[in-house]
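# Close look at the chain arrangement
So the chains spell out like this:
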Amino acid sequence: MRAGFPDFRLGNVLATSFTATLTERQGNAVERIPTPHRLVDWLAVNGLAVDSCTTAQLDLARELRESIHAAATAVAIQDALPASAVHVINDRSAGGRAAAILTPEGKRRWRLSSTSRVEDALSVIAADAISVIAGERDGKLALCASPSCRAAFFDTSQSRTRKWCDMNTCGNRQKKARFNANKRKNTGSAE
C-alpha cells in the first residue's frame, strides 16, 4: 500500500466495498482512491490487478462507484432505481472483457483481458453490483445508521437487522458517543 493514504475498507461484497472508497459521505468525506495509482492498489487488493490507470479511467471508476451507491441506496430505502445510475452500471458491465475462472480450491476468481485494463475490472464490479441490486444473493442492501456515513452495505446477518457498515468504525464511534453522552448526563446529575 502507498503511504500517506487512508486505509481501504474491505468487505465481502465487491460492489459495496467499492462504494466504500468514498466514506463519511454525509460528514467530512474521505476519498480513498484520490489518484489513479490508488485505484490500481484497490483493484489489486480485490483480486482485479491492472497494469495501469489514467485519470480518465479513474473518473470512469468514480462514476461507477457513485452510480452503484445511488442504486444501492434506492434499493435500501425501497425507492425507484435512478435511470442514470442504471445506465452507467450497465455500460460499465458491458464495457470490459473478464472471465470467471474456477481455482483448484473451488473458488471463483476473475481473469481480466491480457492487457488488464481498468475497464475490465470495472465490468466485474458492475456485474457484482447488478447481482446484489437485482436481489440474486441471500441478504439485503441497507444504509449505515451513522448520520455522517450513510454507506450502502450488504447485510447477510441472520436477522437482516445490521445497523452499521462496519462495527469497528461506525458502530464503535456511535457506541462511544452514546457512552460519553451518558457519562456527561450522569456527571451532571451527580453535582
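See the structure shown above.
Here's what I pulled together on the structure shown here. (Residues numbered from 1 in each chain as written. Predicted model: local features only at pLDDT ≥ 70, side-chain atom pairs only at ≥ 80, totals over all residues. Heavy atoms only, no water.)

### Digging into the overall build of the protein
So the rule is basically this: In this description a helix means any DSSP run of H or I spanning at least four residues, a strand means any run of E spanning at least two, and both kinds are numbered starting from the N terminus. Burial status follows relative accessibility: with a 1.4 Å probe on protein chains alone, a residue under 20% of its type maximum counts as buried, one over 50% as exposed, and anything between as partly exposed. Contacts are assigned to residue pairs that have any heavy atoms within 4.5 Å of one another. Shrake-Rupley sampling with a 1.4 Å probe provides the accessible areas, and residues are treated as covered by the protein chains on show and by no other component. Counted as positive: Lys and Arg. Counted as negative: Asp and Glu, with His and the chain ends omitted from the count. Where a charge lies is defined by one atom per residue type, namely NZ (Lys), CZ (Arg), CG (Asp) and CD (Glu).
Counting secondary structure elements, the protein contains six helices and six strands. Ordering the α and β elements of the protein from the N terminus gives α-β-β-α-α-α-β-β-α-β-β-α. Considering only C-alpha atoms, the protein reaches an extent of 70 × 40 × 40 Å along its principal axes. Buried residues in the protein amount to 40% of all 191 residues. Within the protein, counting contacts between residues at least 6 apart in sequence, those at least 24 apart form 55% of the total. For the protein, the computed accessible surface area is about 10,600 Å², with 50% contributed by carbon and sulfur atoms. Averaging the coordinates of the 27 positive side-chain charges in the protein and doing the same for the 19 negative ones gives two points 8 Å apart.

### A closer look at the nonpolar core
Note the cut-off: Nonpolar cores are built from buried Ala, Val, Leu, Ile, Met, Phe, Trp, Tyr and Cys residues. Side-chain atoms within 4.5 Å join them into one set.
Within the largest apolar cluster, 35 residues are counted, with the highest numbers of intra-cluster contacts made by F18, L39 and I125. If you list the elements that add at least two residues to this core, you get α1 (14-19), α2 (36-45), α3 (55-76), α4 (83-94), α5 (118-133), β5 (140-143) and β6 (152-155). Ranked by the residues each element gives to this core, the list is headed by α5, at nine residues. Core analysis: the second largest hydrophobic core is formed by eight residues, C144, C149, F153 and C170 among them.

### Focus on the side chain of S17
Relative to the helices and strands, S17 is located in helix α1. The residues touching S17, leaving out its near neighbours within four places in the chain, are R9, L10, G11, N12 and W42.

### Looking at the pattern of salt bridges
Note the threshold: Salt bridges are defined as contacts in which a side-chain nitrogen from Lys or Arg sits within 4 Å of a carboxyl oxygen from Asp or Glu.
In this structure the tally under the stated criterion is 10 salt bridges. When the shortest N-O distance is used, the salt bridge between R65 and E31 registers 2.8 Å. On the criterion of sequence distance, the pair formed by R65 in helix α3 and E31 in strand β2 (residues 30-31) is long-range, its members being 34 residues apart. Looking at R65, the relative accessible area reads 3%, which means it is buried. On the basis of relative accessible area, E31 is assigned to the partly exposed category, the value being 23%. The partner of R92 in a salt bridge is E63, with the nearest N and O atoms 2.2 Å apart. Highlighted residues: R92 in helix α4 and E63 in helix α3, separated in sequence by 29 residues. Using a relative accessible area of 12% as the deciding quantity, one classes R92 as buried. Judged by relative accessible area, which is 37%, E63 ranks as partly exposed.

### Topic: α3
What counts, and what does not: For a helix, the expected span equals 1.5 Å multiplied by the number of residues minus one.
Its 22 residues give α3 an end-to-end C-alpha distance of 31 Å, which sits within 8% of 32 Å, the value for a rise of 1.5 Å per residue. Among all positions in α3, only Q57, L58, A61, L64, R65, S67, I68, H69, A71, A72, T73 and A74 are buried. Immediately downstream of α3, the backbone of Q78 shows phi near 60 degrees, a positive value.

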